[in-house]
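A structural walkthrough
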Amino acid sequence: MKRSMFSIAVLGLVLAFLYVPIVLVVVYGFVPNGISMSFFDADGSFTGFTMKWYRQIFSGHHAVKALLQSFWLSLTIAGLSTLVSCVIGTTAALALHRWKDRLQSIHHALVYTPLVMPDILIGISLLMLFVAVKVECGFWTILIAHVTFCVSYVVMTVLARLQDFDDRITEAAYDLGAGPWYAFFHVEFPILLPGIVAGGLLAFTLSIDDVVITSFVNGAGTNTFPTYVSSMTKHSKNLPAVFALSTLMLLFTCALVGISKLLTGRNQAKLKGPSE
């Protein structure tokens, strides 16, 4: 069927709306003047591109030291919250899948609630909790907050994977003498791995770019990358360094997704191999 010009134009507008801002972030990482944020001087002459912002990042220049510290803090919190969320979320998804009763209905509602609750409400609630138990806000409160909202996404992703899971495979493993732990790690886990990886990537993405909830539970000296960037966007002359670092984050994320796709593809091919 031949596509109309209108559908092609709509597709082009949608793609431009989605990807032009990303392209601009990459381009402005090469802007020479961080004050005017322009590639042209006062006379209107094109000043060209520069790599100085990338050099500052890789050399650990003092001008971007605080920015780099916030980036590594975000990366650490995102990695830890993803790991914890995958463990807790996979366990919760297995429990919701295996046992069906009224208590599990309440469990499902509690897991689903953070998905529909506004971020500002979650942030205020967690802050009130930490104040009530007299916990000083900092690294650990940010980590707990991120795990709180990331777990739900992992649970839902793994549950979606479990919808197509044949429980008879696990029962066959038990009949052949496998114990619960052996059956899980050698039978269930390889099949659930794509769902766990997808949930982990979603949790990592949500954690590393969260602003609203983190702004409520962070303490002095524990600004994550998004909260630090939001505070410097209007007045910092080193703003192009943010675009440069964001470009590196984009490349890292694309590489991470590519590696996960490769590993998941190999795992699925390995599982299909014996049957074929």
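Residues numbered from 1 in each chain as written. Predicted model: local features only at pLDDT ≥ 70, side-chain atom pairs only at ≥ 80, totals over all residues. Heavy atoms only, no water.

Secondary structure assignment for the protein chain yields eleven helices and zero strands. The helix and strand sequence of the protein chain, counted from the amino end, reads α-α-α-α-α-α-α-α-α-α-α. Radius of gyration (C-alpha) of the protein chain: 23 Å, far over the 19 Å computed for a compact globule of 276 residues. Taken along its principal axes, the extent of the C-alpha atoms in the protein chain is 80 × 65 × 40 Å. (Helix = DSSP H or I, 4+ residues; strand = E, 2+ residues; numbered from the N terminus. Rg over C-alpha atoms; globule rule 2.2 N^0.38 Å.)

On to the packing of helix H3 (residues 65–98) against helix H10 (residues 225–232). Where H3 contacts H10, the two axes come as close as 8 Å, and the packing angle between them is 150°. Here H10 runs roughly antiparallel to H3, going by the angle between their axes. Contacts from Ala66, Leu67, Ser70, Phe71 and Ser74 in H3 reach Phe225, Pro226, Tyr228, Val229 and Met232 in H10. Its residues assigned to classes, the contact of H3 with H10 comprises eight nonpolar, two polar and no charged. (Axes fitted to C-alpha atoms, helices over the stretch in contact; angles between N-to-C directions. Parallel < 35°, antiparallel > 145°, perpendicular 65-115°, else oblique. Contact = heavy atoms within 4.5 Å. Nonpolar A, V, L, I, M, F, W, Y, C, P; charged D, E, K, R; others polar.)

Take the packing of aromatic side chains next. Scanning the model with the defined rule gives ten aromatic pairs in all. Ring centres 5.3 Å apart and planes at 35° place the aromatic pair Phe30 and Tyr54 in the tilted group. Taken together, the residues Phe30 in the loop between helix H1 (5–27) and helix H2 (52–59) and Tyr54 in helix H2 connect sequence positions 24 residues apart. Here Tyr54 falls in the buried class, since its relative accessible area comes to 8%. Judged by centre distance (6.0 Å) and plane angle (80°), the rings of Phe71 and Phe225 are edge-to-face. Here Phe71, found in helix H3, pairs with Phe225, found in helix H10; they are 154 residues apart in sequence, far enough to count as distant. (Phe/Tyr/Trp six-rings, centres within 6.5 Å; stacked < 30°, edge-to-face > 60°. Buried < 20%, exposed > 50% of the residue type's maximum accessible area, 1.4 Å probe, protein only.)

Here we take up the nonpolar core. With 30 residues, the main nonpolar core has Leu126, Val155 and Leu162 as its most contacted residues. Every element with two or more residues in this core is listed here: H3, helix H5 (119–132), helix H6 (139–162), helix H8 (180–208) and helix H9 (212–217). Of all the elements, H6 adds the most residues to this core, at twelve residues. Other than its neighbours up to four places away in sequence, Val155 contacts Gly89, Ala92, Ala93, Leu96 and Val111. Judged by nonpolar contacts, the second largest core, of 23 residues, contains Ile57, Leu239, Ala241 and Val242. (Core = buried A, V, L, I, M, F, W, Y, C linked by side-chain atoms within 4.5 Å.)

Right, let's get into the packing of H3 against H8. Direction vectors running N to C along H3 and H8 enclose 135°, while the axes themselves pass 8 Å from each other. Overall, the two elements H3 and H8 adopt an arrangement that is oblique. Of the two elements, H3 crosses H8, and the hand of that crossing is right-handed. From H3, Ser74, Leu75, Ile77, Ala78, Gly79, Ser81, Thr82, Cys86, Thr90, Leu94 and Arg98 reach across to H8, where they touch Phe184, Glu188, Leu192, Ile196, Gly200, Ala203, Phe204, Ser207 and Ile208. Across the contact of H3 with H8, the residue classes break down as eleven nonpolar, seven polar and two charged. (Left-handed = near helix turned anticlockwise from the far one by under 90°.)

Turning to H8, a few remarks are in order. The end-to-end C-alpha separation of H8 is 35 Å, well short of the 42 Å expected for 29 residues at 1.5 Å each. In H8, a bend of some 55° at Phe189 exceeds every other bend along the element, and Pro190, a proline, comes one to four places later. (Expected span 1.5 Å × (residues − 1). Bend = angle between axes of the 7 residues up to and from the residue.)

Residues Phe6, Val10, Leu11, Val14, Leu15, Phe17, Leu18, Tyr19, Ile22 and Leu250 make up a contiguous nonpolar surface patch of roughly 980 Å² in combined accessible area. The element best represented in the nonpolar patch is H1, accounting for nine residues. Within the secondary structure layout, Tyr19 lies in helix H1. (Patch = residues over 30% accessible without salt bridge, like charges linked within 9 Å, V, L, I, M, F, W, Y side chains within 5 Å. Areas by Shrake-Rupley, 256 points an atom, 1.4 Å probe, with all protein chains shown as cover. Salt bridge = Lys/Arg side-chain N within 4 Å of Asp/Glu carboxyl O.)

Moving on, we come to the state of the cysteines. Under the counting rule described, the total for this entry stands at zero disulfides. Not part of a disulfide, Cys86 finds its nearest cysteine sulfur in Cys150, a span of 9.2 Å. You can see Cys137 has no disulfide; the closest cysteine sulfur is in Cys150, sitting 18 Å from it. (Disulfide = S-S within 2.5 Å.)

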